[in-house]
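If you want the building blocks of each chain, they are given just below.
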Amino acid sequence: MTARGAIAIAGFGSSQIVRRSQRSITSLAVDAILEALTDAGLTREDIDGYVGAPWATHAGAVHAEGADEISCKTIVRAFGLSGLTFWADLYRGYATDMAAMGAQALLAGSCRYVLGVRALFNLEGPSYATSSAPVAYGDDQFVKPYGYSTAGARFAARARRYMAETGATREDLYAVVALARRHAVLNPHAVWAGKFLSLDDYLAGAPIATPHGLYDCDMPVCGAAAFVMCRREDLPDTASPAYVAGWSGFQNPEAVFTSSGLGVADVTCCQLYDGFSSMVYEWLDGFGFCTSGPAWKFIRDGHADRDGRLPLNTFGGSLGEGRLHGIGHLREAYLQVAGKAGARQLRTAETCLVQNGPYDGSSFVMLCSEPRFQGGRPG
Amino acid sequence: MAASARPEPGVTAETAPFWDGTARGVLCLPHCGLCGTTFFPPAARCPHCLSSRVAWKDCSGRGYLRSWTELHVAPYSGSPKPVLVAEIEPGESRSLALAMLMEANGTESLVPGAPIVIGFAADANGWTYPVARLLPETSGTSDASLAGERAGHDR
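Please read all numbers here as calculations on a predicted model, not as lab measurements.

Enquirer: Can you tell me about the interface of chain A and chain B, naming the residues and giving the values?
Expert: Contacts between the two partners involve 33 residues from chain A, matched on the other side by 31 residues from chain B. Mapped by element, the contributors of at least two residues to the side of chain A that touches chain B are strand E5 (135–136), helix H4 (153–166) and strand E6 (207–209) of chain A. Top element by residues in the side of chain A that touches chain B is H4(A). It accounts for 7 residues. Its residues assigned to classes, the side of chain A that touches chain B comprises 20 nonpolar, 8 polar and 5 charged.

Enquirer: Help me get a handle on the sheet that holds strand E2 (residues 49–52) of chain A, residues and values and all.
Expert: All names here are of chain A. With respect to topology, 9 strands assemble into an open sheet ordered E3-E2-E4-E8-E1-E9-E12-E11-E10, the strand pairing being mixed. Pairing within the sheet leaves two strands with one partner each, and these edge strands are strand E3 (86–89) and strand E10 (269–272). Across the sheet, the axes of successive neighbouring strands diverge by a mean angle of 25°, strand direction being ignored. Note: E10 against strand E11 (residues 351–356), 4 bridges, orientation parallel. Within E11, the position partnered with Leu272 by the bridge is Gln355. Contacting strand E1 (7–14), E2, E3, strand E4 (113–120), strand E8 (223–231), strand E9 (242–248), E11 and strand E12 (363–368), helix H3 (residues 95–107) runs over the sheet at an angle of about 165° to E4. The strands that helix H11 (residues 327–337) touches are E1, E4, E8, E9, E10, E11 and E12; relative to E11, the one it contacts most, it runs at about 175°.

Enquirer: Tell me what's going on with the pairing of strand E4 (residues 62–71) of chain B, and back it up with residues and numbers.
Expert: Residue and element names in this part refer to chain B. Among the 10 residues that make up E4, 9 are buried, leaving the element largely enclosed by the rest of the structure. Both E4 and strand E7 (residues 115–122) contribute to a ladder of 3 bridges, which runs antiparallel. When the sheet's bridge partners are listed, Arg62 is paired in E7 with Val117.

Enquirer: Residues and numbers for helix H1 (residues 16–23) of chain B, please.
Expert: Residues and elements named next belong to chain B. Buried residues of H1: Phe18, Gly21 and Thr22, and no others. Relative to the axis of H1, the buried residues are bounded by an arc of 95° and lie together on one face. Tucked into the core, H1 has its buried residues touching strand E2 (28–32), E7 and strand E8 (128–134). Backbone geometry just downstream of H1 places Gly25 in the positive-phi region, at approximately 75°.

Enquirer: Describe the confidence of the model for chain A, listing the residues and the values that go with them.
Expert: A low pLDDT means the predicted coordinates there should not be read in detail. Per-residue pLDDT for chain A averages 95, and the proportion of residues at 70 or more is 97%. Confidence over residues 374–379 of chain A falls short of pLDDT 50; this stretch has 5 contacts with residues more than four positions distant or in other chains.

Enquirer: So what's going on with helix H1 (residues 25–40) of chain A? Which residues, and what values?
Expert: All names here are of chain A. Taking 1.5 Å per residue as the helical rise, H1 with its 16 residues ought to reach 22 Å, and the 23 Å between its terminal C-alpha atoms agrees with that figure. The buried fraction of H1 amounts to 12 of the 16 residues, a majority that puts the element mostly inside the structure. If you check which residues of H1 are buried, you get Ile25, Thr26, Leu28, Ala29, Val30, Asp31, Ala32, Ile33, Ala36, Leu37, Asp39 and Ala40. In this structure, the buried residues of H1 make contact with E1, helix H2 (72–79), E4 and E8. Gly41 sits one or two residues past H1 and shows a positive phi near 75°.

Enquirer: Can you break down unusual backbone geometry residue by residue, with the values?
Expert: Along the chain, A:Thr210 connects to A:Pro211 via a cis peptide bond; the corresponding omega equals 10°. By the secondary structure assignment, A:Pro211 is in the loop between E6 and strand E7 (212–213). Cis geometry marks the peptide bond from B:Lys81 to B:Pro82; its omega dihedral reads -10°. Structurally, B:Pro82 can be placed in the loop between E4 and strand E5 (83–90). If you check the backbone angles, A:Asn313 has positive phi at about 50° while not being a glycine. Mapped onto the secondary structure, A:Asn313 falls in the loop between helix H9 (295–300) and helix H10 (317–321). In this model, B:Leu50 sits at a positive phi of 70°, which is unusual for a non-glycine residue. Tracing the chain through its elements places B:Leu50 in the loop between E2 and strand E3 (54–58).

What counts and how
- Residues numbered from 1 in each chain as written.
- Chains lettered and ligands numbered in written order.
- Predicted model: local features only at pLDDT ≥ 70, side-chain atom pairs only at ≥ 80, totals over all residues.
- Contact = placed C-beta atoms within 7 Å.
- Helix = DSSP H or I, 4+ residues; strand = E, 2+ residues; numbered from the N terminus.
- Nonpolar A, V, L, I, M, F, W, Y, C, P; charged D, E, K, R; others polar.
- Pairing = 2+ DSSP bridges.
- Axes fitted to C-alpha atoms, helices over the stretch in contact; angles between N-to-C directions.
- Buried ≥ 20, exposed ≤ 12 C-beta atoms within 10 Å, placed from the backbone.
- Arc of directions from axis to C-beta.
- pLDDT = per-residue confidence, 0-100.
- Expected span 1.5 Å × (residues − 1).

Listed below in structure tokens is the structure:
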């Protein structure tokens, strides 16, 4: 079943996004939920559906509820939700998976207003990237003893190979980081707002996993974002919607186009996952957005800038805003498509592709400013 | 109490032959006794045809460098830094890539596709792990003849 505009995101909210916080992940999540409800013109009593993605993905995560993870059961208590008729916490899922799951619950009639919550937390104490587990279980036994799962080593190796094959250099990775910093200027939530980075300073950054240096990695943060979804006929009068035109999961990326009836040429802006700078190349190349050469050249030539052919990560991405693990990308797509991006509003933002996740585990959502129905105008 | 904080393999029935292999200095890989597919990581059934006729074979220890990264963040407390982490395609099945540490004189001479030989090194906890090294006679040379062979295995 496809959505094609039957389902909308009705509102979005964010907590503050900071590198360290004395407040808990629960407090930040509740801040984001309150803002999302206000934005959508709804109250707590309207919410009868929930979708989350609680997993803390960094190697040093302690995976403790209320510390660096938060699930539906805790949100329900903290926010006084009652009467949920649908809930799901997606194990190792992304914000894009959350939007797809919410849309499917609404299409199935399981609920009327779905709340989506994603929160991240950078704890004092434990090292963010270093695991203290004494045993590497399962397939991890073939990667963890070598550090292959540390600090994005496997993505760094993939970037190294990409650079060897396409001729990209660290100056070209810098172009991705510089783009993120330029766009973050207009995002008051961004941890790097107003902090430009020269090429010299970029190259002087500590090596992390070559070719990635310090500034190729997104900043661990404490922060949360939340959204509300509903069917088109249930949109509150005051809400500015972004319609969910289609989606796809990690085993069939192309379905984001077939399910929405849209093609690459219809996409007017993109929010692509950039946990490491080199990741933005994956789907620019993979979906064929760059007709004149490899993605690194597309970005270096300015085509991903606000006034370029395909504005990319117009909120600064994770590299500019901080590591919200993809819900920042979904939030920006909503704000742009709904015409609520304020100082960073694009002139043309009718159709935005959102991608979360690594090259081999990505999911996708297409948001549109108007409902799109198969075979003509909405009834 | 382990002598080092390096995480130790959580060995199961499915993975034990691999670690038994490294202990005797041999790269051992599982393959399917029915359809012949070599696969990794180890599993109770062939991921291609789901046969449970999993067999193990001693490999040559030759392979090819797919890619690498110099990791400057300690993956565990007390780890040496930096470490060179490589993706190695076993000569027997180049569609696979195994992560392992690599020993090299710097990274300048490394190129994707470079032939390597797999050695073995025991650590303070008594585990023996594979270690990749460039084949001396081909060190630093690009292997153009492999380009065609590699093309079918990319991504």
